[in-house]
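Fold and contact review
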Amino acid sequence: MKTLIVGGVAGGMSAATRLRRLDETAEIIVFERGHYVSFANCGLPYYVGGVIRDRADLLLQTPESLASRFRLDVRIDHEVTRIDRESKTVYVRDTLTGEETSESYDRLILAAGATTRSVLAHSEIPVHTLRTVDDVDRITAILDEATGPVSAVVIGAGFIGLEAVENLVLRGVTVTAVEFGPQILGPLDAEMAAPVLDALRAQGVDVRLGTAVKGTFGGRVQLSDDTDVAADFLIEATGVRPDTSLAEKAGLRIGESGGIWVDDTQRTSDPSVYAVGDGVEKVDAINSQPTRIAMAGLANRHGRASADSIAGMPAAAAPAVGAAIVGVFGITVAMVGWSEKRLVAEARPHRIVHTHPASHAGYYPGAESMSIKLLIDAETDAILGAQIVGGSGVDKRIDILATAMAGGITASALTRLELAYAPQYASAKDPINQLGYVADNLATGTTRSLQWHALESALDAGAVLVDVRTSGEFAAGSIPGALNLPLDDIRARLAELPDAPLVVHCQVGQRGHTAARILSQNGFDVRNLDGGYRTWVAGVSTLTPVLESTPA
């Protein structure tokens, strides 16, 4: 069996090495149009920033090492230009010499990945991306050769854009981050992105929201807000699109999402051709519809799956939940599944839980705060998504929630998860368990909540806001119009409360829940402001338009 693989890095090399492990007799040839077939593309920004100091650490394997260990024929600087499906032949161009050759196949795996979206057709200032080793070589050359202050504009404030921003700042670069959307980290909901925006600005990053780059002139970048900023170079981080050019020319089916269509074993519309990686359509775990998710973990997983299928061991791929994580100036940001704004856009009924737990037991030194948002199906109690922003412990909790989603564990059932505990690692009631407690209270009707963006309309409709924090907390900052009635005094002062719907809140929601239980059992119509004052402050600090959730 002769298998050709177009493209290396995550998907292509996972397919190649897995196939060799399964079939020692297979002939396996890998064509890589670049000069590096296996490198740590997720580590590239950190080499720019000097966090990874040795460039060689980025280069995971070479054609020689792959030939020695796996008996792979890896041909770098070779671009596959055309596929003749009828004759099962690919046509290849040597990018260094221009020589053209052909190669037959029994099975073909496409792992061409994705290409960057460019917003500048022409620029007088150097424009770079952060996708290849050559990219970082060019960027680090600018920084290493600079004799004075360096400034840069990063276009796009998503995950890759913010990694670029952070690492340029680490190198002493003055950075302007330009984001066309109304917030940074677009996949997140506004209140969850707000602390990250504060951290960027605290580090001196000039963040321009709702702004586009219009052009460049004389060493300056012209922006759509009628200002211009100095820049020695630009980094485009506006996202990627599937590289489907080779598949389209070959007449392979392109999916609804714009990626290459594959079945659940990574087989394309041609039974002899497979496809993996960022250029391929996935199935969304939330609605079972086609989607595009560009993640290294999925590329590796699907590369392995394609090899299994070719070797006669097919297994259906699991739908993608879209788990992702990024670090920005000491803050960890993680998400999985759908956001509230997407659920609203799809008119899908849902419940929301905000909590603000510590990473481990508060009495043990070093506990760090985190903010968690859980999105729950209002009818089935299924977990639809989650977002976490904070310090240590964020990665562990998002992975637990991603696993729960994959395993069909409901939000309320998080109460029953038995998780490892010692005070330096967690709390006896882990933040995941705490999410389950709140979710269960909402599911059973034990308590009712109100979201931060729905507070204004509730007050306009006649509700009264009651702040149950201490008088000292209230004096330090409060929501306009709130009455201060500390929780510990509430039973003795029930007569002071008006005969009207009440919204209670504390700092993060826990005391508000206790207050709501007291008041509801004394005949009051009461809701707890979800996530408390802390979530409200983060939410109203954003410029994102107010959303009204689909009623649960």
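See the structure printed just above.
Below or above, wherever it landed, is the structure these notes cover. All of these numbers come straight from a predicted model, not from anything done at the bench.

What follows deals with the overall build of the protein. A count of helical and extended segments in the protein gives 15 helices and 32 strands. In terms of overall size, the protein behaves like a compact globule, its C-alpha atoms giving a radius of gyration of 26 Å where 552 residues would be expected to give roughly 24 Å. A principal-axis box enclosing the C-alpha atoms of the protein has dimensions of 90 × 60 × 40 Å. Counting across all 552 residues of the protein, residues that qualify as buried make up 52%. Counting contacts in the protein only where the partners sit at least 6 residues apart, residues at least 24 apart contribute 63% of the total. Of the roughly 23,900 Å² of accessible surface on the protein, 50% is carried by carbon and sulfur atoms. Taking the average place of the 48 positive charges on the side chains of the protein and the average place of its 67 negative ones, the gap between the two points comes to 3 Å.

With that settled, the discussion passes to the packing of aromatic side chains. Summed over the entire model, instances satisfying the criterion amount to one aromatic pair. Taken together, a centroid distance of 6.0 Å and an interplanar angle of 25° make the contact between Tyr533 and Trp536 stacked. You can see Tyr533 and its partner Trp536 sitting in helix H15 (residues 532-540), three residues apart, about one turn around the helix. Each of the two residues, Tyr533 as well as Trp536, counts as buried. Above the plane of the ring of Tyr91 lies Arg82, whose end atom (NZ or CZ) is 4.1 Å from the centre. The ring centre of Tyr533 lies 4.4 Å from the NZ or CZ of Arg469, which sits over that ring.

A word on the environment of Glu236. Note that Glu236 resides in strand E18 (residues 233-236). We classify Glu236 as buried; its relative accessible area is 7%. Considered as a pair, Glu236 and Val154 are 82 residues apart in the sequence and their alpha carbons are 6.1 Å apart. With residues near it in sequence (within four places) discarded, Glu236 still touches Arg117, Ser118, Val119, Leu120, Val127, His128, Thr129 and Ile155. Among the polar contacts made by the side chain of Glu236, one reaches the side chain of Ser118 at a distance of 3.3 Å. Reaching out from Glu236, the side chain makes a polar contact with the backbone nitrogen of Leu120 at a distance of 3.4 Å.

Moving on: the pairing of strand E9 (residues 107-110). With four bridges joining them, strand E1 (residues 2-6) and E9 adopt parallel strand pairing. The residue bridging Ile5 from the neighbouring strand is Ile109, located in E9. Here E9 pairs with strand E20 (residues 273-275) via three bridges, running parallel. The partner of Leu108 across the bridge, within E20, is Val273.

We now examine helix H10 (residues 394-407). The end-to-end C-alpha distance of H10 is 20 Å, a good match for the 20 Å that 14 residues give at a rise of 1.5 Å each. Those residues of H10 that sit buried are Val394, Arg397, Ile398, Ile400, Leu401, Ala402, Ala404 and Met405. In the segment just after H10, Gly408 is the residue with positive phi, at about 75°.

Read across the sheet, five strands follow the order E5-E2-E1-E9-E20 without closing on themselves; strand pairing throughout is parallel. What marks the edges here is a single partner per strand, and that holds for strand E5 (73-76) and E20. Going across the sheet, the axis of each strand differs from the next one's by a mean of 15°, ignoring polarity. Where helix H1 (residues 9-22) meets the sheet, its contacts fall on E1, strand E2 (27-32) and E9, and the angle it forms with E2 comes to roughly 170°.

A grouping of Tyr363, Tyr364 and Tyr421 is seen on the molecular surface, where their side chains present a nonpolar patch of about 360 Å² in accessible area. The topology assignment puts Tyr364 in the loop between strand E25 (350-355) and strand E26 (370-377). On the accessibility criterion, Tyr364 (34% relative accessible area) is partly exposed.

Another aspect to go through is helix H3 (residues 63-70). All buried positions along H3 are accounted for by Pro63, Leu66 and Phe70. Down the axis of H3, the buried set is contained in an arc of 70°. They therefore lie on one face. Exposed positions of H3 whose direction lies more than 90 degrees from the buried face are Glu64, Ser68 and Arg69. Next to the buried residues of H3 lie H1, strand E4 (59-61) and E5. With its phi angle positive at about 50°, Arg71 sits one or two positions after the end of H3.

Okay, the side chain of His360 next. Tracing the chain through its elements places His360 in the loop between E25 and E26. A distance of 3.1 Å separates a polar atom in the side chain of His360 from the backbone oxygen of Pro423. Residues in contact with His360, not counting those within four places in the same chain, are Pro365, Gly366, Ala367, Pro423, Gln424, Tyr425, Ala426 and Ser427.

In this section: the nonpolar core. Soluble globular proteins: nonpolar side chains tend toward being buried together. Residues Leu168, Ile184, Leu188, Val196, Leu200 and Val205 are the most contacted members of the largest nonpolar core, which totals 44 residues. By size, the runner-up hydrophobic cluster in this structure holds 30 residues, among which are Leu375, Ile376, Ala402 and Met405.

The next point concerns the environment of Gly531. Within the secondary structure, Gly531 sits in the loop between strand E32 (526-529) and H15. For the pair formed by Gly531 and Gln451, sequence separation is 80 residues and the distance between their alpha carbons is 8.1 Å. If near-sequence neighbours (up to four positions away) are discounted, Gly531 is found in contact with His354, His356, Gln507, Val508 and Gly509.

Procedures and definitions
- Residues numbered from 1 in each chain as written.
- Predicted model: local features only at pLDDT ≥ 70, side-chain atom pairs only at ≥ 80, totals over all residues.
- Heavy atoms only, no water.
- Helix = DSSP H or I, 4+ residues; strand = E, 2+ residues; numbered from the N terminus.
- Rg over C-alpha atoms; globule rule 2.2 N^0.38 Å.
- Buried < 20%, exposed > 50% of the residue type's maximum accessible area, 1.4 Å probe, protein only.
- Contact = heavy atoms within 4.5 Å.
- Areas by Shrake-Rupley, 256 points an atom, 1.4 Å probe, with all protein chains shown as cover.
- Lys, Arg positive; Asp, Glu negative; His and termini not counted.
- Charge placed at Lys NZ, Arg CZ, Asp CG, Glu CD.
- Phe/Tyr/Trp six-rings, centres within 6.5 Å; stacked < 30°, edge-to-face > 60°.
- Lys NZ or Arg CZ within 6 Å of the ring centre and 35° of its normal.
- Polar contact = N/O pair within 3.5 Å; in protein donor to acceptor, adjacent residues only side chain to side chain.
- Pairing = 2+ DSSP bridges.
- Expected span 1.5 Å × (residues − 1).
- Axes fitted to C-alpha atoms, helices over the stretch in contact; angles between N-to-C directions.
- Patch = residues over 30% accessible without salt bridge, like charges linked within 9 Å, V, L, I, M, F, W, Y side chains within 5 Å.
- Salt bridge = Lys/Arg side-chain N within 4 Å of Asp/Glu carboxyl O.
- Arc of directions from axis to C-beta.
- Core = buried A, V, L, I, M, F, W, Y, C linked by side-chain atoms within 4.5 Å.

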